[in-house]
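Notes for the structure review
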Amino acid sequence: MPGAIQSIERAAAVLRLLARAPGPLAVGEIAATLDLAKPTAHGIVRTLVGVGFVAQDAASGRYLLGPALGELGTDRLDVNELRARAIHRADALAARSGESVRIAVARNSAVTVIHHVFRPDNSAQALALGEVLPAHATALGKVLLAYDSATEPGPLTAFTRRTLTDRGELDRAIAEVRRTGWAGEIDESRPGESGIAAPIRTRGGLVVAAIGISGPTERLCDSRLQLRPATIAQVRATAQAIHRDLREPQ
């Protein structure tokens, strides 16, 4: 039997690297990380761009996963399985943060809530299960815009005076999500409400969902109207814990 084809192995390594990276990568970074000659890395990347598996960020010239990967569907997790395997992590995040927790996925070019944990204060709350969220105005939506090619921003409707309605501003916000690995919203979808979200990755590193918290701006932000770092860390740690769980066979 013939042996492994080195060029395919290298292309697969490039895709895995881009899937795990916190943001777009330059050719030099890809070459250095995978111990490839830069011309070799460039040839592989340009070929993957040609078939849609990799895309080039117009602003930076760096590379990220492309929309054609979403068409394969092989790394997509069944929603019921995702909910079942993430539920205890979501419950724990609600208990620690004291805020409402939602998990959302990209579905039919929209952002849909598939799991909702009420904030643990016994106050009156409405179940958000099945709610369709504006991608450009929510932390959950921004995460999926940044990492999931099935998500489209749609019309940039203004819900508050802080909603991002300029496509350039939204593109910069999405690029920042890729750089930092989390997204925030402050009074963007509803006045007085803020949120924090992080990507949920499955085996191989591809993003299949987002998990986040939402609550009153006065609780999630400090006196300078900045989201609290400790709360951001809680959300990111929960997303990473779910990723570890999803990597383990049931």
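From a predicted model like this one, the values you see are computed outputs, not experimental measurements. (Residues numbered from 1 in each chain as written. Predicted model: local features only at pLDDT ≥ 70, side-chain atom pairs only at ≥ 80, totals over all residues. Heavy atoms only, no water.)

**Thoughts on the pairing of strand E4 (residues 110-117)**
Counted only if it meets this: Each residue gets one of three labels from its accessible area relative to the maximum for its type: buried under 20%, exposed over 50%, partly exposed in between, using a 1.4 Å probe on protein chains only. Helix and strand labels come from DSSP, where a helix needs a run of H or I of at least four residues and a strand needs a run of E of at least two; each type is numbered from the N terminus. Any two strands are treated as partners once DSSP identifies two or more bridges connecting them.
Counting buried positions along E4 gives 7 out of 8 residues, so the element sits mostly inside the fold. Relative to strand E5 (residues 132-133), E4 is paired through 2 bridges, and the arrangement is antiparallel. Residue pairing across strands places Thr-112 opposite Val-132, the latter belonging to E5.

**A word on the nonpolar core**
Counted only if it meets this: We define a nonpolar core as any set of buried Ala, Val, Leu, Ile, Met, Phe, Trp, Tyr and Cys residues linked to one another through side-chain atoms lying within 4.5 Å. Between two residues, a contact is recorded if the distance between any of their heavy atoms is within 4.5 Å.
Residues Val-101, Ile-103, Ile-200 and Ile-211 are the most contacted members of the largest nonpolar core, which totals 26 residues. Those residues in contact with Ile-103 that lie beyond four places of it in its chain are Ala-86, Ala-90, Thr-112, Val-113, Ile-114, His-115, Ile-200, Ala-209, Ala-210 and Ile-211. Counting residues in hydrophobic clusters, the runner-up holds 20 residues, among them Leu-140, Ala-146, Val-177 and Ala-210.

**Some details on the packing of aromatic side chains**
We apply this condition: Any Phe, Tyr or Trp ring, taking Trp's six-membered ring, that has another such ring centre within 6.5 Å forms a pair; planes under 30 degrees apart are called stacked, those over 60 apart edge-to-face, and the others tilted. Throughout this description, the term charge over a ring refers to an Arg CZ or Lys NZ atom that lies within 6 Å of the ring centre and within 35 degrees of the ring normal.
Enumeration over the complete set of coordinates arrives at 0 aromatic pairs. Sitting over the face of the ring of Tyr-147, Arg-201 holds its NZ or CZ atom 5.0 Å from the ring centroid.

**Focus on the layout of surface pockets**
Selection rule: Residues are called lining when one of their atoms sits within 4 Å of a cavity or pocket point, these points coming from a 1 Å grid over the protein atoms alone, where a cavity is a set in which a 1.4 Å probe fits but cannot get out and a pocket is an open set with protein on both sides within 12 Å along at least five of seven lines. Grid points are joined across faces, edges and corners, and a volume is the space filled by probe spheres set on the points. Each residue gets one of three labels, nonpolar for Ala, Val, Leu, Ile, Met, Phe, Trp, Tyr, Cys and Pro, charged for Asp, Glu, Lys and Arg, and polar for the others, Gly among them.
Reported here for the second largest pocket is a volume of approximately 400 Å³. Within the residue set of the lining of the second largest pocket, elements represented by two or more residues are helix H7 (167-180) and strand E6 (183-186). At 5 residues, the largest contribution of residues to the lining of the second largest pocket is made by H7. Looking at side-chain class alone, the lining of the second largest pocket contains 9 nonpolar, 3 polar and 6 charged residues.

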